[in-house]
Amino acid sequence: MPPREGAIDRERRDLVSRQVMDESRLIRFVAGPDGSVAPDLGRKLPGRGLWVAADRDSVRTAASKGLFARAAKAPLKAAADLDETVETLLVRRCLDQLGLARREGVLISGFEKAAAAIRSGRAAWLIEASDGAADGRGKLLGLARHQTTRVCGAFTAEDLGLALGLENAIHAVLPAGGRADRWTFEVERLAGFRPLLPLAWGQDATEAPNRDLDGRGSAP
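Report follows, based on the coordinates.

Here is what the cut-offs are and how they apply
Residues numbered from 1 in each chain as written. Predicted model: local features only at pLDDT ≥ 70, side-chain atom pairs only at ≥ 80, totals over all residues. Heavy atoms only, no water. Helix = DSSP H or I, 4+ residues; strand = E, 2+ residues; numbered from the N terminus. Buried < 20%, exposed > 50% of the residue type's maximum accessible area, 1.4 Å probe, protein only. Contact = heavy atoms within 4.5 Å. Areas by Shrake-Rupley, 256 points an atom, 1.4 Å probe, with all protein chains shown as cover. Pairing = 2+ DSSP bridges. Axes fitted to C-alpha atoms, helices over the stretch in contact; angles between N-to-C directions. Parallel < 35°, antiparallel > 145°, perpendicular 65-115°, else oblique. Left-handed = near helix turned anticlockwise from the far one by under 90°. Nonpolar A, V, L, I, M, F, W, Y, C, P; charged D, E, K, R; others polar.

1. Here's the deal with the overall build of the protein chain
Along the protein chain, the regular secondary structure elements total eight helices and nine strands. Going through the 220 residues of the protein chain one by one, you find that 51% of them count as buried. Of all intrachain contacts in the protein chain linking residues separated by at least 6 positions in sequence, the fraction that spans at least 24 positions is 72%. As displayed, the protein chain offers around 10700 Å² of accessible surface, 50% of which is attributable to carbon and sulfur atoms.

The structure is reproduced here in structure tokens:
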């Protein structure tokens, strides 16, 4: 199950489209004491929640058109780079989930172990460094195409190394289970702010078994 803080059994109205959506597809914001707009990705901060679809364009629109102030009926001021702040926070949350998975002994790292996990059908996610060598990546993507394994290449080797405490973090697998569910919750929100599959990967990436994520995976 996804994290309780996701509260995906409830629905909220997006400030921009006015559509009612599951909370898992939205970002919660709250009014700060100084009249600013603060992202509340953990959904724990006090105050009335202001909900916006989890994609860059929606956050930019809400900030630029004063929709937070209108919804709160208060003189709130959203920072011009609010979408970038949200992306940075989501990146941190995704990497934190991988770090927790490694400490729990759940994460599988290294080419051979990752390949074996994919072949076994146990792999929910293949996480590939965006700047890793094409040869090894291509082989693992080829294996993933024949399974239900989803692929993420949104982080550099340095990002992954720092999160996992490894010097050379290129290939990793999250097996199906609770930690993979929590990772999915976070990374699907991130997909609205950066591509999960880098365009530079070419055809190997486009054939990977990722869902369309409601069109959010191609955010600029």
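2. Digging into the pairing of strand β5 (residues 50-53)
Side-chain alternation along β5 places Leu50 and Val52 on one buried face and Trp51 and Ala53 on a second face that is also buried. In terms of strand pairing, strand β3 (residues 26-31) meets β5 through four bridges, oriented antiparallel. Across the sheet, the residue bridging to Arg28 is Trp51, located in β5.

3. A closer look at the packing of helix α4 (residues 111-120) against helix α5 (residues 134-145)
Relative orientation of the contacting elements α4 and α5 amounts to 15 degrees, with a least axis distance of 9 Å. Here α4 lies roughly parallel to α5, going by the angle between them. α4 and α5 meet at a crossing whose hand is left-handed. On α5, the residues that touch Phe111, Ala114, Ala115, Ile118 and Arg119 of α4 are Gly136, Lys139, Leu140, Leu143 and Ala144. Classifying every residue of the contact of α4 with α5 by side-chain character gives seven nonpolar, one polar and two charged.

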